[in-house]
Each structure stands twice: as C-alpha cells, then as structure tokens.
Amino acid sequence: MRVTKRTNIAMRVLMYCAANEGHLVTKADIAERCKASENHLAQVIHQLAQLKYLYTQRGRKGGLSLARPPAEIAIGDVFRAIEGPVPIAECFADADDSCPLVDSCRLRGALTAAAESFYGHLDGITLADLVCDNAALMDLLSDASCNKAPALRVIKAA
C-alpha cells in the first residue's frame, strides 16, 4: 500500500491544526512548518473543508481550524476520503484490466483483504492519538504564541 502525496499533506494539515487547536492557522504557516507547497495545500485544504474536517474563514483575519475535535477524526476515514478507490493492482481497475488470469486468480481477493485490514487498523486511530502527549510533534508544529499563556506579572505588596 502506498499513500499518495495528497493524503500525506492532508495528514500534515490536520496534525498542524490539532497541534494549534482553538486558533485559526494560515496556509502559509502550515507550508513553512510542514515543508509543503502552498498550491498543493490549497487543494487539500479545500477538499478537507468540503469533507467537513476543516473550518475555513476568509478575509484578513481568516485562516483554518479543525471543524471537530481531534478525538472525533478517525484516520481510516480520512485516508478513505482522500485516497478514494485507488487500484492496488491492474485487476482492480476494471476499465484497463488486461490480465488474462482475472477469472481464476485469487490475488485480487487477497489484496482486497489486505487493503481492508490496512484501513481497519487506521480506523482505530484518531487524530488525537497522533497528536496528544506527543511533545516532539508539538515542538515541531505548535505555534508557541498560540499555546503558551502570557507570563503572569507578580506585583509585590509593599
């Protein structure tokens, strides 16, 4: 199984938004931190918004954020939505199938079961599982200005 670049970018966007939960982030911020093209990001962000994973706000103070809590975003669902029905082998693409073994081959069934197992495993993982308690990821993705409370000023009594 190979994950497409689009799915890879989608996961980076979702993890970045989860790491900065409660704040609008910009496409430029994500591009810089996640080393992704803003053009690719724009397409992926649009798709994630259509799929109701992201909330987007236009304008000068615009940006994007998660449309639901990270614990409610199953990674298997994201992969299925972004990857779509990608043929693993030639016989999965009915239109271009020229394999002479298709009527007697058991490989198609084995590959279908393997793909279902792959997605099934990802169904048990949420975005929260990837981000929460992951200090190394938070150091890479979180905007320090968003996640750190301002220092309290202590005033000594006279």
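What you are looking at is a predicted structure, and each value in this text was computed from that prediction instead of being measured. (Residues numbered from 1 in each chain as written. Predicted model: local features only at pLDDT ≥ 70, side-chain atom pairs only at ≥ 80, totals over all residues. Heavy atoms only, no water.)

### Observations regarding helix α4 (residues 75-83)
Taken residue by residue, α4 has Ile-75, Gly-76, Val-78, Phe-79, Ile-82 and Glu-83 as its buried positions. The buried residues of α4 occupy an angular sector of 160° when the element is viewed end-on, so they sit on one face. Buried positions along α4 lie against α1 (5-19), α3 (38-50), α5 (107-123) and α6 (127-131). Phi for Gly-84, located one or two positions after α4, is positive at around 65°. (Buried < 20%, exposed > 50% of the residue type's maximum accessible area, 1.4 Å probe, protein only. Helix = DSSP H or I, 4+ residues; strand = E, 2+ residues; numbered from the N terminus. Arc of directions from axis to C-beta. Contact = heavy atoms within 4.5 Å.)

### Structural notes on the nonpolar core
Of all hydrophobic cores here, the largest spans 34 residues; its most connected members are Val-13, Leu-14, Leu-48, Leu-54 and Leu-127. Broken down by secondary-structure element, the contributors of at least two residues to this core are α1, α2 (27-34), α3, β2 (63-66), α4, α5, α6 and α7 (135-141). For this core, the leading source of residues is α1, giving 10 residues. Residues in contact with Leu-14, not counting those within four places in the same chain, are Leu-48, Tyr-53, Leu-54, Leu-66, Val-78 and Leu-127. (Core = buried A, V, L, I, M, F, W, Y, C linked by side-chain atoms within 4.5 Å.)

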